[in-house]
Amino acid sequence: MTEIISLVVAKYNYWLYIILMMIGLYAMIAKNNLIKKLVGMNIFQTAIILFYVSTGYKTGATIPIIKNAHGGHGVEAAVIHAADYINPLPHVLMLTAIVVSVATFGVAMALCVRIYQRYQTLEEDELRMRLSEK
Amino acid sequence: MLWPIDLIVLTFVIVTAVAAISVRDLLGTAILFSVYSFMMCLLWAVMGAVDVAFTEASVGAGVSTVFFVAAVFSTSRRTKD
Amino acid sequence: MKLLGFIIVCLTGIFLLYGTSDLPDWGDPNSPASLHLSNHYIEKAVAETEVPNLVTAVLADYRGFDTMFETAVVFTAGLACFLLLRDFKPKQDRYYRHVPTGVVLHFKDKARQLRVGTEFESVDKDWVPSDMVIKTVCRILIPFIQIYALYVVAHGDFSPGGGFQGGVIFGSSFILLAISYNLKTLMKRVSEKFLGIFSAVGVLIYVGIGVIAMIMGGNFLDYSTLAPLVPVDPGHIRALGMLGVEIGVGIAVMAAMAIIYINIVSQGRHDEGL
């Protein structure tokens, strides 16, 4: 019993991230409206970013900004231990991922507006019918 | 990082994500999506990723919601599912 | 279709859940992600670059190529929105209002164009008068938002922030002006040509700093070779190179956000808005 509880406590956050990813994947596959598919894509992207950022956390460590780096008020700069600061490398990679996701979202919204101007609908099955009629 | 905060905010995130894809009004989807973005930002701030939280707050709960609402007003607001 | 999607999602979820048994525990300092290269970044970044914010130091200096292509992606997104949606034909239905009497005229074909001035003004079809409370509050707030955006860009070396965040905040100040007044007020202050040129100038600044570093004899985007050009002590030159690069990113992102909003909300015609 105690080993099940220790397993749950160590890994429960990964299970919740995977549930969030699957919600996003379901919305991308099964929903009919184009904008709901876009929302699902964005949920999937942010869930993956959440998973990556959580791998950089260290217990008992602080945020990755070095204190007293320029020797303020006569205190000389102390030796920096790597175990005192959170790993900054996943944060850097995920910043680029967030920027790319918002750029993709903007272009996808522009595409939706254009599709609506042409076909007067945003539902996938109606679009398929009108495309097969042409 | 306290585990009660982590668990409560994660539960909110999952509930908001499920609600955002189930409502039938696209304006409601836009607002729920903005709430989802804000909860994500809180989660990252609690985890110590302050730069990522700043970016998500300004991009997700700011500019992305405005794009969504502008697109919903340029197209239709009702949806069948 | 929904049932098939649900089954696929459940199967994928079960496989992924089974795979989490190999992942490291929560908050483990000895996990493989935190061992090799990131220790070098944490311990040596301040000694080499004099920038306390580790995320900005890695983003703009050690991994500068990724940030350059990310700026190019944002510029391409603005360009794609412009190319997809921009519609240069004048609208068929136009409404004008005679200001002294309040009579509204409706023109249906494009044969006649009325000159807008103090006697006639053009109105939108769903014209609502701007609320005085919203106009006054936003008019006071917008300069402070812009100063805050410049602060975020300039202090990216010492506190959370940087070029991208400041650029988004500056762009959203333009969007606030368009929402609280109307779109034509924004287009009079910030013309389309200005936005297009600025979004390209941002990418040009970034690549230009890299090319200057190459001309001075080093590798592409090697900031330490810029030392003879700028009259500061050579320890700080990498921090100044990072500041120049972040300014480029901020300018490009500000213009791209404004371009995308203007084209989506007016469906490319640049006449009415929300």
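Residues numbered from 1 in each chain as written. Chains lettered and ligands numbered in written order. Predicted model: local features only at pLDDT ≥ 70, side-chain atom pairs only at ≥ 80, totals over all residues.

Peer 1: Any details on the overall build of chain A? Residues and values, ideally.
Peer 2: Looking only at helices and strands, chain A features 4 helices and 0 strands. In sequence order, the secondary structure elements of chain A are arranged as α-α-α-α. Taking 134 residues into account, the globule formula puts the C-alpha radius of gyration at 14 Å, and chain A, at 23 Å, lies well above it. Overall, chain A is about 75 × 50 × 15 Å in size when its C-alpha atoms are taken along their principal axes. Counting all 134 residues of chain A, 43% fall into the buried class. Of the contacts made within chain A by residues no fewer than 6 positions apart, 54% connect residues no fewer than 24 positions apart. (Helix = DSSP H or I, 4+ residues; strand = E, 2+ residues; numbered from the N terminus. Rg over C-alpha atoms; globule rule 2.2 N^0.38 Å. Buried ≥ 20, exposed ≤ 12 C-beta atoms within 10 Å, placed from the backbone. Contact = placed C-beta atoms within 7 Å.)

Peer 1: Just give me the short version of the overall build of chain B, but keep the residues and values in it.
Peer 2: The number of helices and strands found in chain B is 3 helices and 0 strands. Sequence-ordered secondary structure for chain B, helices as α and strands as β, is α-α-α. In terms of overall dimensions, chain B has C-alpha extents of about 45 × 25 × 10 Å along its principal axes. Taking all 81 residues of chain B together, 49% fall into the buried category. Pairs at least 24 apart in sequence give 52% of the contacts found in chain B among residues at least 6 apart.

Peer 1: Please set out helix α4 (residues 64–85) of chain C residue by residue, giving values where relevant.
Peer 2: Over its 22 residues, α4 of chain C extends 32 Å from the first C-alpha to the last, a length consistent with the 32 Å expected when each residue adds 1.5 Å. Within α4 of chain C the residues assigned to the buried category are Gly64, Thr67, Met68, Glu70, Thr71, Val74, Phe75, Ala77, Gly78, Cys81, Phe82 and Leu85 of chain C. Summarising the contacts, the buried residues of α4 of chain C are in contact with α3 (89–119) of chain A together with α3 (54–62), α8 (192–215) and α9 (237–265) of chain C. (Expected span 1.5 Å × (residues − 1).)

Peer 1: Let's hear about the interface of chain B and chain C: which residues, and what values?
Peer 2: Every contact between the two is made by 14 residues of chain B and, on the other side, 18 residues of chain C. Class assignment for the residues of the side of chain B that touches chain C results in 9 nonpolar, 4 polar and 1 charged. (Nonpolar A, V, L, I, M, F, W, Y, C, P; charged D, E, K, R; others polar.)

Peer 1: How would you summarise unusual backbone geometry if you had to cite specific residues and measurements?
Peer 2: The phi torsion at Glu50 of chain C lies on the positive side, around 60 degrees, for a residue other than glycine. Structurally, the position occupied by Glu50 of chain C is in the loop between α2 (37–49) and α3.

Peer 1: Got a sec to walk through the nonpolar core? Specific residues and values, please.
Peer 2: If you look at the biggest cluster of nonpolar residues, it comprises 127 residues, and the most contacted ones within it are Phe67 of chain B together with Ala256, Ala258, Tyr261 and Ile264 of chain C. Not counting chain neighbours up to four residues away, the residues in contact with Tyr261 of chain C comprise Val66, Phe67 and Ala70 of chain B together with Ile175 of chain C. (Core = buried A, V, L, I, M, F, W, Y, C linked by C-beta atoms within 7 Å.)

Peer 1: Hey, could you go over the confidence of the model for chain B for me, with residue numbers and the actual values?
Peer 2: Confidence in the prediction of chain B, expressed as mean pLDDT, is 91, and 99% of residues score 70 or more. Both confidence scores are given for the complex: pTM 0.90, ipTM 0.92. (pLDDT = per-residue confidence, 0-100.)

Peer 1: Summarise the interface of chain A and chain C; cite the residues concerned and give the values.
Peer 2: In this complex, chain A contributes 43 residues to the contact, which on the side of chain C involves 47 residues. Only α1 (2–30) and α3 of chain A provide two or more residues apiece to the side of chain A that touches chain C. Partitioned by chemical class, the residues of the side of chain A that touches chain C number 31 nonpolar, 9 polar and 3 charged.

Peer 1: An account of the pairing of strand β2 (residues 104–107) of chain C is requested, with residue identities and associated values reported.
Peer 2: All names here are of chain C. Sheet topology places strand β1 (residues 94–98) next to β2; 4 bridges connect them, and they run antiparallel. When the bridges of β2 are listed, Arg97 appears paired with Val104. Turn length for the β1-β2 hairpin, with the two strands adjacent in sequence and antiparallel, is 5 residues, and the turn residue Gly102 shows positive phi of about 85 degrees. (Pairing = 2+ DSSP bridges.)

Peer 1: Talk me through helix α5 (residues 132–154) of chain C; I want residue IDs and the actual numbers.
Peer 2: Residue and element names in this part refer to chain C. In this model α5 runs 34 Å from its N-terminal to its C-terminal C-alpha over 23 residues, within 8% of the 33 Å that 1.5 Å per residue would give. Maximum bend of α5: about 30 degrees, positioned at Leu141, with proline Pro143 one to four residues after it. Residues of α5 that are buried include every one of Ala149, Val152 and Val153, and no others. Packed against the buried residues of α5 are α6 (163–180) and α9. (Bend = angle between axes of the 7 residues up to and from the residue.)

Peer 1: Just give me the short version of the environment of Ile19 of chain A, but keep the residues and values in it.
Peer 2: All names here are of chain A. With respect to the secondary-structure elements, Ile19 resides in helix α1. Of the residues examined, Ile19 has 17 C-beta atoms within 10 Å and is grouped as partly exposed. Along the sequence, Ile19 and Ala47 sit 28 residues apart, while their C-alpha atoms lie 9.2 Å from each other.

Peer 1: Could you give me a rundown of the environment of Glu123 of chain A, with the residues and numbers involved?
Peer 2: For Glu123 of chain A, the location among the structural elements is in the loop between α3 and α4 (124–133). The class of Glu123 of chain A is partly exposed, set by 17 C-beta atoms lying within 10 Å. Sequence separation between Glu123 of chain A and Lys31 of chain A is 92 residues, and the spatial gap between their C-alpha atoms is 9.3 Å. If sequence neighbours within four positions are ignored, Glu123 of chain A has contacts with Asn32 and Asn33 of chain A together with Lys80 of chain B.

Peer 1: Which residues make up the environment of Val133 of chain C, and what are the values?
Peer 2: All names here are of chain C. Structurally, the position occupied by Val133 is in helix α5. The class for Val133 is exposed, based on 8 C-beta atoms found within 10 Å. It is 9.8 Å that separates the C-alpha atoms of Val133 and Ser180, two residues lying 47 residues apart in sequence.

Peer 1: Could you give me a rundown of the packing of α3 of chain C against α9 of chain C, with the residues and numbers involved?
Peer 2: Residues and elements named next belong to chain C. Contact pair α3 / α9: the axes reach a minimum separation of 10 Å and the direction vectors enclose 80 degrees. In terms of their interaxial angle, α3 and α9 are classed as roughly perpendicular. Between α3, through Thr56, Ala60 and Asp61, and α9, the contact on the second element is made entirely by Arg238, Met242, Val245 and Glu246. (Axes fitted to C-alpha atoms, helices over the stretch in contact; angles between N-to-C directions. Parallel < 35°, antiparallel > 145°, perpendicular 65-115°, else oblique.)

Peer 1: Report on the packing of helix α3 (residues 50–74) of chain B against α9 of chain C, specifying residues and quantitative values.
Peer 2: For any two helices packed against each other, the geometry comes down to the angle between their axes and how far apart the axes lie. Running from N to C, α3 of chain B and α9 of chain C cross one another at 20 degrees; their axes reach a closest spacing of 8 Å. The angle between α3 of chain B and α9 of chain C places the two elements in the roughly parallel class. Here the hand of the crossing between α3 of chain B and α9 of chain C comes out left-handed. Seen from α3 of chain B, the contacting residues are Val63, Val66, Phe67, Ala70, Ala71 and Ser74 of chain B; seen from α9 of chain C, they are Met257, Ile260, Tyr261, Ile264 and Val265 of chain C. Its residues assigned to classes, the contact of α3 of chain B with α9 of chain C shows 10 nonpolar, 1 polar and no charged. (Left-handed = near helix turned anticlockwise from the far one by under 90°.)

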